[in-house]
4 protein chains.
Amino acid sequence: MSKKKDRRETTPPLSKSALRRQREREQRLETILGAAQTLFAADGYHKASMEKIADTAEVSVGTLYFYFKNKEDLLVKLLGQIGFDLRNMLGSAFKNADLSLAGIREAGRIFFEDFCPNHPENIAIFFRESVGQGEVVEAHRKKIFDKLIDDVCQALMRVCENQGGRFQSDLSAEVMATSIMGMFERLAYHNLIWQDRSAELKTIGQDAIDFIIGGIERLVR
Amino acid sequence: MSKKKDRRETTPPLSKSALRRQREREQRLETILGAAQTLFAADGYHKASMEKIADTAEVSVGTLYFYFKNKEDLLVKLLGQIGFDLRNMLGSAFKNADLSLAGIREAGRIFFEDFCPNHPENIAIFFRESVGQGEVVEAHRKKIFDKLIDDVCQALMRVCENQGGRFQSDLSAEVMATSIMGMFERLAYHNLIWQDRSAELKTIGQDAIDFIIGGIERLVR
Amino acid sequence: MSKKKDRRETTPPLSKSALRRQREREQRLETILGAAQTLFAADGYHKASMEKIADTAEVSVGTLYFYFKNKEDLLVKLLGQIGFDLRNMLGSAFKNADLSLAGIREAGRIFFEDFCPNHPENIAIFFRESVGQGEVVEAHRKKIFDKLIDDVCQALMRVCENQGGRFQSDLSAEVMATSIMGMFERLAYHNLIWQDRSAELKTIGQDAIDFIIGGIERLVR
Amino acid sequence: MSKKKDRRETTPPLSKSALRRQREREQRLETILGAAQTLFAADGYHKASMEKIADTAEVSVGTLYFYFKNKEDLLVKLLGQIGFDLRNMLGSAFKNADLSLAGIREAGRIFFEDFCPNHPENIAIFFRESVGQGEVVEAHRKKIFDKLIDDVCQALMRVCENQGGRFQSDLSAEVMATSIMGMFERLAYHNLIWQDRSAELKTIGQDAIDFIIGGIERLVR
DNA sequence: GATGAATGAGGCTTCATTCAT
DNA sequence: CATGAATGAAGCCTCATTCAT
């Protein structure tokens with residue numbers, strides 16, 4: 001084994017200054033992502049120029065390219081963060097989806113009452129700004145969607161199993177999961193981006209969830 | 001009264017050449033819109049340059065600007081056409097939505113079995129390329145969505161009335177209508193754009209419709 | 001001599017319809033020039049597109065090119081008209097310039113009290129819009145200026161001769177004439193285009209004329 | 001107080017490299033303005049394309065837009081420079097205008113014998129290329145003219161006061177100042193742009209000045 | 001690591017002019 | 001003669017990206 005490998009395998013003993021640098025690096029990365037998030041949501045992906053992002057983040061344009069390969073990369077990273085947050089929030093809720101469907105109800109509540117009002121920019125970026133921005137971005141969007149849909153899918157299958165039922169068709173679970181994502185997406189888009197109905201979001205969410213539950217019961221016999 | 005005046009008052013009898021010009025004009029307009037439709041769907045709104053559109057339509061760039069104010073206008077007009085087609089197809093189906101919900105089922109069938117496989121470019125343009133393209137385009141998207149949602153909404157309210165039921169909340173009808181649009185959108189996006197599952201579209205549509213019907217029954221008591 | 005030539009040399013016996021056509025032709029020409037005049041003065045030579053001019057004149061673009069070789073020609077013709085009007089107005093006044101300098105005074109009065117308030121568009125076109133528009137236009141501007149300056153020059157020389165004086169230098173007459181044109185130009189520009197002081201134009205003109213007369217007396221000894 | 005704060009409060013001591021960069025920046029700015037000046041004067045404002053200017057200045061088009069907002073800005077900056085130079089040259093001369101009118105004579109000499117032969121491009125730009133180029137440019141032209149006229153105006157008022165005389169009318173001073181500017185303008189235009197009579201410029205200037213002095217004496221009684 | 005000046009390809013748009021009807 | 005649709009060259013400008021300091 002070479003020394004190099006050894007170094008890599010054990011945690012590198014970071015000096016104080018190295019630690020500080022590491023911390024600063026991460027802070028700066030966050031700052032930049034934050035600036036991009038704000039500007040993408042406010043001005044749109046295309047109108048938000050790299051220079052403006054740099055200005056907002058109070059760094060130089062060059063620094064942007066030190067931390068991110070290119071503008072697309074910035075969007076992809078942002079997308080990754082949003083996807084991570086979403087799964088994080090919804091994940092545990094879906095995991096608890098059992099016979100009672102309480103997990104599904106909880107997931108809906110979290111999305112409409114927690115995520116939407118607190119992260120409208122993320123809704124804007126995920127459902128508006130990252131749409132139709134070339135193959136790379138689209139691939140990432142798809143990946144995130146697929147994961148979320150898969151989460152829902154598994155919850156649904158667990159529910160189905162627990163209830164001892166069967167899906168109408170082989171695709172039913174996937175169709176339902178995809179449908180649920182589509183519902184969430186458009187309801188958020190209409191009531192948060194096209195008009196600000198944050199106040200009604202609770203009712204909207206509850207209606208949506210009941211709609212979903214009714215749908216599920218129909219397709220699981 | 002002079003003859004001249006008489007003539008003016010009745011609809012002007014278009015001369016043969018005038019008629020032909022009128023026809024040619026409309027044909028050319030269609031040609032351009034067709035070229036734009038193809039390229040927007042294939043290359044994306046931004047990558048499809050005006051020059052390329054002109055080339056594809058076999059006209060000069062100047063002609064593009066003779067028929068359309070600018071690139072955005074091209075997209076907006078395209079959007080208008082798609083919106084018109086959608087309402088046209090779904091309209092009569094929704095009108096027949098009554099107690100049996102057969103109208104809703106039919107509308108779903110039309111969307112998934114007729115519209116989607118025959119107009120995938122329209123799906124791509126309406127749900128991908130026209131998203132996040134500035135305020136003007138967004139306003140038109142919203143208008144189209146609002147109309148479609150309103151169509152669904154009214155169908156739902158008729159169903160509700162016929163069944164002598166009541167919606168869970170004041171927003172229920174709108175929430176359901178919006179949800180249905182979201183479902184259609186994402187199911188089409190996943191199974192037509194992200195992967196080509198045209199073959200399974202029939203099953204997918206049926207599952208989706210059953211999901212919807214279950215949902216409706218749940219929210220209408 | 002060929003028949004053709006004969007025809008040309010005698011006045012062609014115009015039929016009634018030919019006469020009417022001739023009249024219509026001239027009217028149309030005037031209409032177009034009028035539209036151009038208005039638009040050039042209001043929007044500027046470059047911003048006034050041929051299409052807009054055609055619209056304003058209520059003719060087609062093609063017709064514009066039937067009556068005028070190109071856009072430049074339109075400006076040149078307009079310029080010619082303005083030059084003709086100017087010489088017409090000032091000509092007789094200058095012709096009367098004798099010992100008493102009354103002719104010069106009258107010419108100033110005509111310019112500031114008649115021409116300026118009644119033809120501000122012509123001031124705008126001659127002193128603003130036709131400046132720096134390529135060699136052809138510039139050549140015409142020069143020709144008009146030269147003629148006007150020559151008119152003044154000759155008046156000055158007559159005055160000088162009548163008074164039995166001599167010019168300070170060989171160039172004096174020309175310098176004075178050119179100076180007078182420059183004065184008229186800038187005074188009109190400042191008090192008509194840059195601000196509307198039509199009310200004070202009379203006083204301004206009188207002061208200007210006195211300034212000129214003082215100057216002349218100085219250079220003619 | 002921390003050292004840092006102290007440092008900030010005094011003028012920041014520019015490092016050598018920073019100084020060099022500053023110098024380079026200014027040099028490049030000058031280069032670009034020089035190229036624009038040459039091309040505007042030679043080809044005309046419109047025919048001088050941004051690309052050609054960039055080529056002449058040996059920079060890229062992007063660099064042009066780094067230093068100037070747009071083409072109009074380039075012209076405006078050029079105009080500003082010309083205006084500054086003009087006032088600089090004429091300013092002190094006019095300041096010395098007193099009873100003897102020697103200051104006025106000197107100002108004329110400077111304009112015709114120094115400025116005109118040495119900066120014909122500036123004459124072309126100020127009196128030809130910047131005319132009728134939209135509201136923004138026109139506003140700057142007016143501002144420069146107003147300042148120059150004001151300079152002359154104040155000189156005239158000082159002369160008047162020193163001589164214990166009175167102007168013929170309230171507007172006399174302004175009219176004379178405007179007239180003088182108009183004279184200078186057109187004499188330069190005719191004898192430098194429309195034909196090259198640089199050799200006679202001395203005589204022309206002297207005649208012009210005598211004309212002016214005669215005029216002044218007439219209006220100040 | 002950070003900076004920011006420099007690049008230049010590429011896009012959209014305008015508009016004078018032509019020509020078939 | 002008149003029309004007006006069609007042309008296409010040419011211009012201005014943006015902006016993601018690079019690289020010497």
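Parameters at a glance
- Residues numbered from 1 in each chain as written.
- Chains lettered and ligands numbered in written order.
- Predicted model: local features only at pLDDT ≥ 70, side-chain atom pairs only at ≥ 80, totals over all residues.
- Helix = DSSP H or I, 4+ residues; strand = E, 2+ residues; numbered from the N terminus.
- Buried ≥ 20, exposed ≤ 12 C-beta atoms within 10 Å, placed from the backbone.
- Contact = placed C-beta atoms within 7 Å.
- Nonpolar A, V, L, I, M, F, W, Y, C, P; charged D, E, K, R; others polar.
- Domains from an automatic or database assignment.
- UniProt positions renumbered as here; feature names shortened; annotations may be inferred.
- Core = buried A, V, L, I, M, F, W, Y, C linked by C-beta atoms within 7 Å.
- Least-squares fit on C-alpha atoms with pLDDT ≥ 70 in both.
- Near = placed C-beta within 6 Å.
- Expected span 1.5 Å × (residues − 1).
- Axes fitted to C-alpha atoms, helices over the stretch in contact; angles between N-to-C directions.
- Parallel < 35°, antiparallel > 145°, perpendicular 65-115°, else oblique.
- Left-handed = near helix turned anticlockwise from the far one by under 90°.
- pLDDT = per-residue confidence, 0-100.

*Asks:* Could you clarify how one ought to interpret the overall build of chain A in this entry?
*Replies:* Secondary structure summary: chain A contains 10 helices and 0 strands in total. Across chain A, helices and strands are ordered from the amino to the carboxyl terminus as α-α-α-α-α-α-α-α-α-α. Along the first, second and third principal axes, the C-alpha atoms of chain A reach 60 × 50 × 30 Å. Buried positions account for 41% of the 221 residues belonging to chain A. Look at the contacts in chain A between residues 6 or more apart in sequence, and 69% of them connect residues 24 or more apart.

*Asks:* Whenever I open this one, the interface of chain C and chain D confuses me. Can you help?
*Replies:* Reports often express the size of an interface as the amount of accessible area lost when the parts come together. Taken residue by residue, the interface counts 38 residues in chain C and 38 residues in chain D. Among the secondary structure elements, those contributing two or more residues to the side of chain C that touches chain D are α7 (120–129), α8 (134–163), α9 (172–194) and α10 (201–219) of chain C. Its residues assigned to classes, the side of chain C that touches chain D comprises 15 nonpolar, 13 polar and 10 charged.

*Asks:* When you look at the domain arrangement of chain A in this model, what are you seeing that I'm missing?
*Replies:* Residue and element names in this part refer to chain A. Its domain assignment divides chain A into domain 1 (15–68) and domain 2 (71–219). A C-alpha centroid distance of 29 Å is found between domain 1 and domain 2. Listed as interface residues are 10 residues of domain 1 and, on the opposing side, 12 residues of domain 2. It is helix α2 (residues 16–43) that contributes the most residues to the side of domain 1 that touches domain 2, 6 residues altogether.

*Asks:* Whenever I open this one, the UniProt feature "DNA-binding region" (unreviewed entry) in chain A confuses me. Can you help?
*Replies:* Per the UniProt record, "DNA-binding region" (unreviewed entry) is found at residues 49–68 of chain A. Between the first and last C-alpha atoms of residues 49–68 of chain A the distance is 14 Å; the span itself is 75% helix and 0% strand.

*Asks:* What's the story with the nonpolar core in this structure? I'm lost.
*Replies:* Among soluble globular proteins, nonpolar side chains are generally buried collectively. Judged by nonpolar contacts, the single largest core of 122 residues is most densely connected at V152, L156, M176 and A177 of chain A together with V152 and M176 of chain B. Look past the residues within four positions of L156 of chain A in its chain and what remains in contact with it is A173, M176, A177 and I216 of chain A. L64, V76, V152 and I216 of chain D belong to the second-largest nonpolar core, a separate cluster that totals 121 residues.

*Asks:* Would you explain the interface of chain A and chain B in this entry?
*Replies:* Taken residue by residue, the interface counts 38 residues in chain A and 38 residues in chain B. Among the elements of the structure, α7 (120–129), α8 (134–162), α9 (172–194) and α10 (201–219) of chain A are those that each provide at least two residues to the side of chain A that touches chain B. For the side of chain A that touches chain B, the residue count by class is 15 nonpolar, 13 polar and 10 charged.

*Asks:* I would appreciate a short explanation of the relation of the copies chain A and chain B in the present structure.
*Replies:* Relating one copy of the chain to the other takes a rotation about an axis and a shift parallel to that axis. In screw terms, the move from chain A to chain B is a rotation of 180° and a rise of 0.0 Å along the axis, fitting with an RMSD of 0.2 Å. Within this description, the copies of the chain are treated as partners about a two-fold rotation axis. The overlap is high: 100% of the interface residues of chain A also sit at the interface in chain B, so the same surface is used on both sides.

*Asks:* What am I meant to see in the protein's contact with DNA strand F here?
*Replies:* Inspection of the region around DNA strand F gives 32 residues, with N70 of chain A, G62 and T63 of chain B, G62 of chain C together with N70 of chain D positioned closest. Going through the elements one at a time, α4 (61–67) of chain A, α4 (61–67) of chain B, α2 (16–43) and α4 (61–67) of chain C together with α4 (61–67) of chain D are the ones with two or more residues in the surface near DNA strand F. The residue makeup of the surface near DNA strand F, split by class, is 12 nonpolar, 13 polar and 7 charged.

*Asks:* Where do I start with the protein's contact with DNA strand E in this structure?
*Replies:* Taken together, 31 residues lie near DNA strand E, and G62 of chain A, S49 and N70 of chain B, N70 of chain C together with G62 of chain D sit nearest. At the level of secondary structure, the elements contributing two or more residues to the surface near DNA strand E comprise α2 and α4 of chain A, α4 of chain B, α4 of chain C together with α4 of chain D. Broken down by class, the residue content of the surface near DNA strand E amounts to 12 nonpolar, 13 polar and 6 charged.

*Asks:* Looking at this structure, I do not really get the UniProt feature "domain: HTH tetR-type" (unreviewed entry) in chain A. What am I missing?
*Replies:* Following the UniProt record, one finds the feature "domain: HTH tetR-type" (unreviewed entry) at residues 26–86 of chain A. The annotated region residues 26–86 of chain A carries 80% helix and 0% strand content, and the separation between its end C-alpha atoms amounts to 21 Å.

*Asks:* Would you take a moment to explain the environment of F211 of chain B for this structure?
*Replies:* On the secondary structure map, F211 of chain B appears in helix α10 (residues 201–219). In this structure, F211 of chain B is in contact with V175, M176, S179, G215, R218 and L219 of chain A, ignoring residues within four places of it in sequence.

*Asks:* Mind showing me how you'd approach α9 of chain C here?
*Replies:* One turn of the α-helix equals 3.6 residues, which is why residues spaced by three or four share an orientation. Here α9 of chain C contains 23 residues, and its C-alpha end-to-end distance of 31 Å stays within 8% of the 33 Å for a straight helix at 1.5 Å per residue. With 21 of 23 residues buried, α9 of chain C lies mostly within the body of the structure.

*Asks:* What exactly am I supposed to notice about unusual backbone geometry here?
*Replies:* Apart from glycine, the bulk of residues carry a negative phi angle, and the bulk of peptide bonds sit in the trans form. All names here are of chain B. Phi at E58 takes a positive value of approximately 55°, unusual for a residue other than glycine. Of note, E58 is situated in the loop between α3 (50–57) and α4. C-beta crowding within 10 Å serves as the criterion here: with 11 such atoms nearby, E58 is assigned to the exposed category.

*Asks:* Help me out: how do you make sense of the packing of α8 of chain A against α9 of chain A in this one?
*Replies:* For any two helices packed against each other, the geometry is given by the interaxial angle and the distance between the axes. Residues and elements named next belong to chain A. Where α8 meets α9, the closest approach of the two axes is 8 Å, and the angle between their N-to-C directions is 125°. Taken as axis vectors, α8 and α9 run oblique relative to one another. In this structure, the crossing between α8 and α9 has a hand that is right-handed. Within the contact between the two elements, α8 uses F145, L148, I149, V152, C153, L156 and M157 and α9 uses A173, E174, M176, A177, T178, I180 and M181.

*Asks:* How should the arrangement of the chains be read in this particular structure?
*Replies:* With no contact formed, the shortest span from any C-alpha in chain A to any C-alpha in chain C equals 28 Å. Between chain B and chain C there is no contact; the minimum C-alpha to C-alpha separation amounts to 12 Å.

*Asks:* Help me out: how do you make sense of the environment of I213 of chain B in this one?
*Replies:* Within the element layout of this structure, I213 of chain B appears in helix α10. Remark: the alpha-carbon pair of I213 of chain B and C116 of chain B, spanning 97 residues in sequence, is separated by 21 Å. Leaving out residues up to four positions away in the same chain, I213 of chain B has contacts with R218 of chain A together with L101 and I104 of chain B.

*Asks:* Looking at this model, I keep getting lost on the confidence of the model for chain A. Mind explaining?
*Replies:* All names here are of chain A. Across chain A, the average pLDDT comes to 91, with 93% of residues at 70 or higher. Mean pLDDT per element in chain A: helix α1 (residues 3–9) is the minimum at 47, and α7 is the maximum at 98. Between residues 1–8, whose pLDDT stays under 50, and residues either more than four places distant or in other chains, the model counts 2 contacts.

*Asks:* Would you explain α10 of chain A in this entry?
*Replies:* Taking 1.5 Å as the rise per residue, α10 of chain A with 19 residues should run 27 Å; its terminal C-alpha atoms sit 27 Å apart, in good agreement. Taken across its 19 residues, α10 of chain A has 15 buried, putting it largely inside the fold.

*Asks:* When you look at the environment of Y45 of chain B in this model, what are you seeing that I'm missing?
*Replies:* Relative to the helices and strands, Y45 of chain B is located in the loop between α2 (16–43) and α3. For the pair Y45 of chain B and I125 of chain B, spaced 80 residues apart in the sequence, the C-alpha separation amounts to 8.4 Å. If near-sequence neighbours (up to four positions away) are discounted, Y45 of chain B is found in contact with G132 of chain A together with F40, L75, E129 and Q133 of chain B.

*Asks:* Just to check I follow, could you spell out the packing of helix α5 (residues 71–95) of chain C against α7 of chain C for this structure?
*Replies:* Residues and elements named next belong to chain C. Between α5 and α7, the shortest axis-to-axis distance is 10 Å and the interhelical angle comes to 115°. Crossing angle aside, the handedness with which α5 passes α7 is left-handed. The segment α5 lies against α7, with L78, L79 and I82 engaging N122, I125 and F126.

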